[in-house]
Amino acid sequence: MSPATEPKSRGAYDFDVVVVGAGHAGLEAALAAARMGCRTALLTINCDTVAQMSCNPAIGGVAKGQIVREIDALGGAMGRLTDATAIQFRLLNRGKGPAMHSPRAQCDKKAYQFLAKWTVERQENLVLRQEMVEAILVEGGRAVGVRCRGGGHYRAGALVVTTGTFLRALMHTGEVQTPGGRGGDVAAEGLSQSLSSLGFELRRFKTGTPPRLNGRTIDFARLEPQPGDPRPVFFSFLTDSFDQPQLDCHITYTNPAIHALIRENLHRAPMYSGQIQSTGPRYCPSIEDKVVRFADREHHQIFLEPEGRNTLEYYCNGLSTSLPRDVQEAIIARIPGLEHAEIMRFGYAVEYDYAPPVQLRPTLETKPVARLFFAGQINGTTGYEEAAAQGLIAGINAAQTVLGQPPLVLDRSRAYIGVLIDDLVTRGVDEPYRMFTSRAEYRLMLRHDNADLRLTELGRQAGLVDDHRWARFQARRQAIARLRGILTTTRSQGDTLFQILRRPATTWDQLQSLDARLAGESFPDDVIAQVTIEAKYDGYIGRQLDQIDRFRRLEDKPIPPGLDYRAIAQLRAEAREKFERIRPLSLGQAGRISGISPADIATLLIHLKRGYPELTSPAPDP
């Protein structure tokens, strides 16, 4: 009898999957497991902060927007939540090639949070409960549940831990230190000790957030407005329109007087006084870090982002800081347009525990404990989008484990999500990980516009793509195939229409004039855009497909999970140690481990061929 059909007389604290933490990772994990038929519990310190945007009120951005489109294509929630609560849409990098185009949206912070909570509350098979989890319960080397403060026990077939910045969290504003993983919330103290006792290595990272201002006190006339796009690019493939007015963001700058003030107070900055010794995100530094690292810069850009339609609170993107309150007030008073601005919330830094992700398998199941999955900032990442992607994959694989089904693993050629997870489990992190397009070798194939063509079938197989989404996907795929067929079979002056469209100067409007079928049949804009990209970049796409073919041939050469690397005398000591620690599943993954040389891979291949002659035959075509 499957878990989804077992009698309902089971105890109230007996579940198929338990998810710890209800941030963006926990939300996706819990919704996925529940929709796949597993009775799921989502446990959170505070039921009122489900999917709260702890930092900036925005989703997407460079590479992050592609991740959200992939989450949506697989059947996740983030894209639909964003479109439903957005207050501004912008497509970044329009002036660059399509591989660099990245959607981004400002969201109504509270509306997003409330819609996320409402989505959880109405999801069948899912129970939301306010609990402080203090320990992981393990029997026979596998996770079987959690123990909560007050004595509550939740039994489960699989666990997903998504604790965000809350593990032994400590907030810093100047010399003031306060336990807590987010302003107004407490820290999770006991769970770190439980994980350590189970053999997990834990380290410390830090992140930060800027002050928030009352918009009533901002002089917007002195700021540069930044409006949204007149024709929004949505995140969900199910979204057709947006009928609300978009709100402007605004731009201002720091200046030399501010930089001098910050330098004068560096001794009071926790990052420079020695109060904080953990590593922060390189690509989202504090303003004090910017002033030190980029001493020749006379100004730094600040984006003032509205936090919602029903609030005047503004987020100062680019001004993250843990300087004391009086210094923060002095900085704000020296920024053009903010001379009289009132701070509603002061900026702070937060230190927290994370578990180095080389302790994970590509499924996001932990190596020390079976049926225990980690997702989000506990894995050393930063960002809502990276967390949600991990949560979705962890939730799917936790459910598949309980249901006795094979796991879902996305490789680097299939999705940015695959790049993200492979980077984590293969290379590890020494600073909070953030996704960039440059991390993806095959980014021309991993565009935001084709995420559904790459992933929706996999979402359907997992049980996350319902009939409505599937019908829309099939109709879009068929329309793309029909238009491509017309272009590749219709000729004009000797060349096919597809060949003519490949020419840099040829526009779609010009192409329509060459064939009556193009003018007479109405194709959706997204279908035209998809086929146009395929035509314009046909040669580059062909070369990238050849690269992907070579990549997959190495990925298809497995390494036995129990291989004793210590017995391979020809391996360098460093390679032997790293192979033992990471336990790569294939030659391809082995070659991506930091510090591993081509000679190490050659040595490993020779050893494997001796014991596994099938490795000498070429891998099948993907």
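Rules used in this analysis
Residues numbered from 1 in each chain as written. Predicted model: local features only at pLDDT ≥ 70, side-chain atom pairs only at ≥ 80, totals over all residues. Heavy atoms only, no water. Helix = DSSP H or I, 4+ residues; strand = E, 2+ residues; numbered from the N terminus. Contact = heavy atoms within 4.5 Å. Expected span 1.5 Å × (residues − 1). Buried < 20%, exposed > 50% of the residue type's maximum accessible area, 1.4 Å probe, protein only. Axes fitted to C-alpha atoms, helices over the stretch in contact; angles between N-to-C directions. Parallel < 35°, antiparallel > 145°, perpendicular 65-115°, else oblique. Nonpolar A, V, L, I, M, F, W, Y, C, P; charged D, E, K, R; others polar. Left-handed = near helix turned anticlockwise from the far one by under 90°. Pairing = 2+ DSSP bridges. Core = buried A, V, L, I, M, F, W, Y, C linked by side-chain atoms within 4.5 Å. Polar contact = N/O pair within 3.5 Å; in protein donor to acceptor, adjacent residues only side chain to side chain.

Undergrad: Talk me through the environment of Q130; I want residue IDs and the actual numbers.
TA: Residue placement: Q130 occurs in strand β6 (residues 126-130). Considered as a pair, Q130 and G21 are 109 residues apart in the sequence and their alpha carbons are 9.8 Å apart. The contact partners of Q130, leaving out residues within four places of it in the chain, are T44, I45, N46 and C47.

Undergrad: Lay out helix α17 (residues 525-536) in plain terms, naming residues and giving numbers.
TA: Because the α-helix completes a turn every 3.6 residues, residues three or four places apart line up on one side. The end-to-end C-alpha distance of α17 is 16 Å, a good match for the 16 Å that twelve residues give at a rise of 1.5 Å each. Restricting attention to buried positions, one finds in α17 the residues V527, I528, Q530, V531, T532, I533, E534 and A535. The inward-facing, buried residues of α17 abut α12 (451-462), α13 (467-489), α14 (497-502), α15 (508-512) and α18 (538-555).

Undergrad: Describe the environment of A355, and please don't skip the residues or the numbers.
TA: Residue position: A355 is located in the loop between β20 (348-354) and β21 (372-374). Placed 206 residues apart in sequence, A355 and P561 show a C-alpha to C-alpha distance of 22 Å. Excluding anything up to four places from it in sequence, A355 contacts E201, L202, F374, I378 and N379.

Undergrad: Outline the packing of helix α2 (residues 64-73) against helix α3 (residues 78-85), supporting the account with residue identities and numerical values.
TA: It is at 7 Å that the axes of α2 and α3 come closest, and there the two elements cross at 110°. Classified by the angle their axes make, α2 and α3 are roughly perpendicular. Residue-level contacts link V68, I71 and D72 of α2 to M78, G79 and R80 of α3. Taken together, the residues of the contact of α2 with α3 break down into three nonpolar, one polar and two charged.

Undergrad: So, the packing of α2 against α12: which residues are in play, and what are the values?
TA: Packed helices, taken two at a time, are described by the angle between their axes plus the distance between the axes. Put simply, α2 and α12 touch, their axes get as near as 8 Å, and they point 35° apart. The handedness of the crossing between α2 and α12 comes out as right-handed. Between α2 and α12, the residues in contact are R69, E70 and A73 and A451, D452, R454, L455 and T456, respectively. When grouped by side-chain class, the residues that make up the contact of α2 with α12 number three nonpolar, one polar and four charged.

Undergrad: Break down the sheet that holds strand β9 (residues 153-155) for me, with residues and values.
TA: Spatially, the three strands line up as an open sheet ordered β7-β8-β9, and their pairing is antiparallel. Each end of this open sheet is capped by a strand with a single partner; those strands are β7 (133-139) and β9. With direction set aside, neighbouring strand axes in the sheet form an average angle of 25°. Across six bridges, the pairing between β7 and strand β8 (residues 142-148) is antiparallel. From the neighbouring strand, V138 faces β8, where its bridge partner is A143.

Undergrad: Describe the nonpolar core, and please don't skip the residues or the numbers.
TA: Counting 104 residues, the largest nonpolar core has V18, I136, V146, L372, F374, L410 and I417 as the members making the most contacts within it. Examining the composition of this core, we find that eleven residues originate from one element, helix α10 (residues 384-403), more than from any other. Residues in contact with V146, not counting those within four places in the same chain, are V18, V20, L43, V133, A135, I136, L137, G152, H153, Y154 and L159. By size, the runner-up hydrophobic cluster in this structure holds 25 residues, among which are L319, I331, A341 and I343.

Undergrad: Can you break down helix α1 (residues 24-35) residue by residue, with the values?
TA: A rise of 1.5 Å per residue sets the reference length of α1, with its twelve residues, at 16 Å; its end C-alpha atoms lie 17 Å apart and thus fit the reference within 8%. Of all the twelve residues making up α1, eleven are buried; the element is thus mostly covered by neighbouring parts of the structure. Looking only at α1, the buried set comprises H24, A25, G26, L27, E28, A29, A30, L31, A32, A33 and A34. With its phi angle positive at about 100°, G37 sits one or two positions after the end of α1.

Undergrad: Tell me about the side chain of E313, and name the residues and values.
TA: Within the secondary structure layout, E313 lies in strand β18 (residues 313-317). At 2.5 Å, the side chain of E313 forms a polar contact with the side chain of R345. Not counting chain neighbours up to four residues away, the residues in contact with E313 comprise R212, L213, E305, P306, E307, M344 and R345.

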